[in-house]
Amino acid sequence: MEGSRVKTIHAAIIMDGNGRWATRRGMPRQAGHAAGVEALGRVVEAAPDLGIGTLTVYAFSVDNWQRPKVEVTALMALLRRYIENETRRLAEGGARITVIGRRDRLPGDIAIAIASAERATAGGTRLHLRVAVDYSARDAIVEAAMAAARSGDATREGLSQQLTEGSAHRDVDLLIRTGGEKRLSDFLLWECAYAELYFTDRLWPDFGAEDLAAAVAEFHARERRFGGLGPSAVSAA
Ligand code: FPP
């Protein structure tokens, strides 16, 4: 819960299907990623009114470095432009942006722009947009284990504390994946322990506010039991 006493949703999105969207139109894959940035803009705009307080999106995984150089370069250029162009709009809309994942392999100017955007939007409370870049959930878990060891508290509690500290590992309530595949692809594995999973065939560049609203509506219709008995089972007992 951030910035408000009302419990907000942490939604996370695997924005899949950009390449297919472009290929079907006879365009290079990069054009799909550019259209994907537009879709991200629609979703960021719609999220707060749907009760989403934190939105984590998967922009680039550690494995995406294996893609053709032209595509990696295009993705980095889009990220650079997004950070540079959207920071002011995010700040004006009361949103905070942070980036999770490794920074040491990013072009230096992007790492600097990220740090500056994080500082400029630090006061935002309406929405916390977290962009996963050069990200691996497994690496994040290993990092937390190493931090626990470094802190001299490599106990079960010490590790658990590293993994739950601050907002870096906030539990995901709703995980959305577009593009028809049904897998997690090394995204927020720890945080999704009790996430509701929502898969849609819609390709990411076609995703919009109504699709997000449909996912949130389905989330609210589900009974979350966290391993216990839900209210319906308890009242029937
Ligand atoms: C997966 O689709 C998508 C990605 C690897 C990149 C996602 C990036 C964006 C939406 C734009 C960049 C974001 C920011 C914040 C600048 P895919 O390419 O694997 O699609 P496919 O499965 O159809 O090939």
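About the criteria used
Residues numbered from 1 in each chain as written. Predicted model: local features only at pLDDT ≥ 70, side-chain atom pairs only at ≥ 80, totals over all residues. Heavy atoms only, no water. Helix = DSSP H or I, 4+ residues; strand = E, 2+ residues; numbered from the N terminus. Rg over C-alpha atoms; globule rule 2.2 N^0.38 Å. Buried < 20%, exposed > 50% of the residue type's maximum accessible area, 1.4 Å probe, protein only. Contact = heavy atoms within 4.5 Å. Areas by Shrake-Rupley, 256 points an atom, 1.4 Å probe, with all protein chains shown as cover. Lys, Arg positive; Asp, Glu negative; His and termini not counted. Charge placed at Lys NZ, Arg CZ, Asp CG, Glu CD. 1 Å grid on protein atoms, 1.4 Å probe; cavity = no way out; pocket = protein on both sides within 12 Å on 5 of 7 lines; lining within 4 Å. Points joined across faces, edges and corners; volume = space filled by probe spheres on them. Nonpolar A, V, L, I, M, F, W, Y, C, P; charged D, E, K, R; others polar. Pairing = 2+ DSSP bridges. Near = heavy atom within 4 Å. Polar contact = N/O pair within 3.5 Å; in protein donor to acceptor, adjacent residues only side chain to side chain. Expected span 1.5 Å × (residues − 1). Bend = angle between axes of the 7 residues up to and from the residue. Axes fitted to C-alpha atoms, helices over the stretch in contact; angles between N-to-C directions. Phe/Tyr/Trp six-rings, centres within 6.5 Å; stacked < 30°, edge-to-face > 60°. Salt bridge = Lys/Arg side-chain N within 4 Å of Asp/Glu carboxyl O.

## Structural notes on the overall build of the protein chain
Link 1 in the chain: Scanning the protein chain from N- to C-terminus turns up eight helices and six strands.
Link 2 in the chain: Order of helices (α) and strands (β) in the protein chain, N terminus to C terminus: β-α-α-β-α-β-α-β-α-α-β-β-α-α.
Link 3 in the chain: Computed over its C-alpha atoms, the radius of gyration of the protein chain comes to 18 Å, within 12% of the 18 Å expected for a compact globule of 237 residues.
Link 4 in the chain: Across its three principal axes, the protein chain shows a C-alpha extent of roughly 60 × 45 × 35 Å.
Link 5 in the chain: When the 237 residues of the protein chain are sorted by exposure, 46% land in the buried category.
Link 6 in the chain: In the protein chain, of all internal contacts separated by at least 6 residues, the share reaching a separation of at least 24 is 74%.
Link 7 in the chain: Here the protein chain displays about 12200 Å² of accessible surface, and carbon together with sulfur accounts for 52% of that area.
Link 8 in the chain: Counting 31 positive and 31 negative side-chain charges, the protein chain places the centres of these two groups 2 Å from one another.

## Describing the layout of surface pockets
Link 1 in the chain: Counted as a void, the largest pocket has a volume near 640 Å³.
Link 2 in the chain: Among the secondary structure elements, those contributing two or more residues to the lining of the largest pocket are helix 1 (18–24), helix 2 (29–46), strand 2 (52–61), helix 3 (69–92) and strand 4 (127–135).
Link 3 in the chain: Here the residues of the lining of the largest pocket sort into 15 nonpolar, eight polar and six charged.

## Looking at the pairing of strand 6 (residues 196–199)
Link 1 in the chain: Only one face of strand 6 is buried: it carries Glu-196 and Tyr-198, and the other face, with Leu-197 and Phe-199, is open.
Link 2 in the chain: Here strand 5 (residues 174–177) pairs with strand 6 via four bridges, running parallel. By the bridge assignment for strand 6, Leu-175 is matched with Leu-197.

## Things to note about the site of the ligand
Link 1 in the chain: The full set close to the ligand counts 19 residues, and Asp-16, Gly-19, Arg-20, Arg-29 and Arg-67 are the nearest of them.
Link 2 in the chain: Gly-17 places a polar main-chain atom, nitrogen or oxygen, 3.3 Å from an oxygen atom of the ligand.
Link 3 in the chain: Contact distances for the ligand include 2.8 Å between an oxygen atom and a side-chain N or O atom of Arg-67.
Link 4 in the chain: Across the complex, the protein chains shield 91% of the 620 Å² of accessible surface that the ligand would expose by itself.
Link 5 in the chain: For the shell around the ligand, the secondary structure elements donating two or more residues are helix 1, helix 2 and helix 3.
Link 6 in the chain: Looking at which element gives the most residues to the shell around the ligand, the answer is helix 2, with five residues.
Link 7 in the chain: Its residues placed into classes, the shell around the ligand shows nine nonpolar, six polar and four charged.

## With respect to helix 3
Link 1 in the chain: In this model helix 3 runs 35 Å from its N-terminal to its C-terminal C-alpha over 24 residues, within 8% of the 34 Å that 1.5 Å per residue would give.
Link 2 in the chain: Most pronounced at Glu-86, the bend in helix 3 amounts to some 45°.
Link 3 in the chain: What helix 3 keeps buried is the set Glu-71, Val-72, Ala-74, Leu-75, Met-76, Leu-78, Leu-79, Tyr-82, Ile-83, Glu-86, Thr-87 and Leu-90.
Link 4 in the chain: Residues of helix 3 that are buried sit in contact with helix 2, strand 2, strand 3 (95–100), helix 4 (108–120) and strand 4.
Link 5 in the chain: Where helix 3 terminates, the next one or two residues include Gly-94, which has phi positive at roughly 80°.

## Let's talk about the sheet that holds strand 3
Link 1 in the chain: Read across the sheet, six strands follow the order 3-4-2-1-5-6 without closing on themselves; strand pairing throughout is parallel. The sheet is open, and its two borders are formed by strand 3 and strand 6, each paired with just one other strand. Strand-to-strand twist across the sheet, computed as the mean angle between neighbouring axes with direction ignored, equals 20°.
Link 2 in the chain: Where helix 7 (residues 209–221) meets the sheet, its contacts fall on strand 1 (9–14), strand 2, strand 5 and strand 6, and the angle it forms with strand 5 comes to roughly 140°.

## Thoughts on the packing of aromatic side chains
Link 1 in the chain: Under the criterion given, the structure shown has six aromatic pairs.
Link 2 in the chain: Centre to centre, the rings of Tyr-194 and Phe-226 are 5.5 Å apart; their planes meet at 55°, and the pair counts as tilted. On the criterion of sequence distance, the pair formed by Tyr-194 in the loop between strand 5 and strand 6 and Phe-226 in the loop between helix 7 and helix 8 (231–236) is long-range, its members being 32 residues apart.
Link 3 in the chain: According to the relative accessible area criterion, Phe-226 is partly exposed, its value standing at 48%.
Link 4 in the chain: A network of ring pairs unites the aromatic residues Tyr-58, Tyr-135 and Phe-187 as a single cluster.

## Let's talk about the pattern of salt bridges
Link 1 in the chain: Evaluated as defined, the whole model comprises 18 salt bridges.
Link 2 in the chain: Between Asp-16 and Arg-177 there is a salt bridge, and its shortest N-O distance comes to 3.1 Å. Residue Asp-16 is found in the loop between strand 1 and helix 1, and its partner Arg-177 is found in strand 5; the two are separated by 161 residues along the sequence. For the residue pair Asp-16 and Arg-177, the accessibility class agrees, reading buried in each case.
Link 3 in the chain: When the shortest N-O distance is used, the salt bridge between Glu-71 and Arg-29 registers 2.8 Å. Of the two residues, Glu-71 sits in helix 3 while Arg-29 sits in helix 2, which places them 42 residues apart along the sequence.
Link 4 in the chain: Since its relative accessible area comes to 3%, Glu-71 is described here as buried.
Link 5 in the chain: Residues joined in a network through salt bridges with shared partners are Arg-170, Asp-173, Glu-196, Glu-218, Arg-222 and Arg-224.

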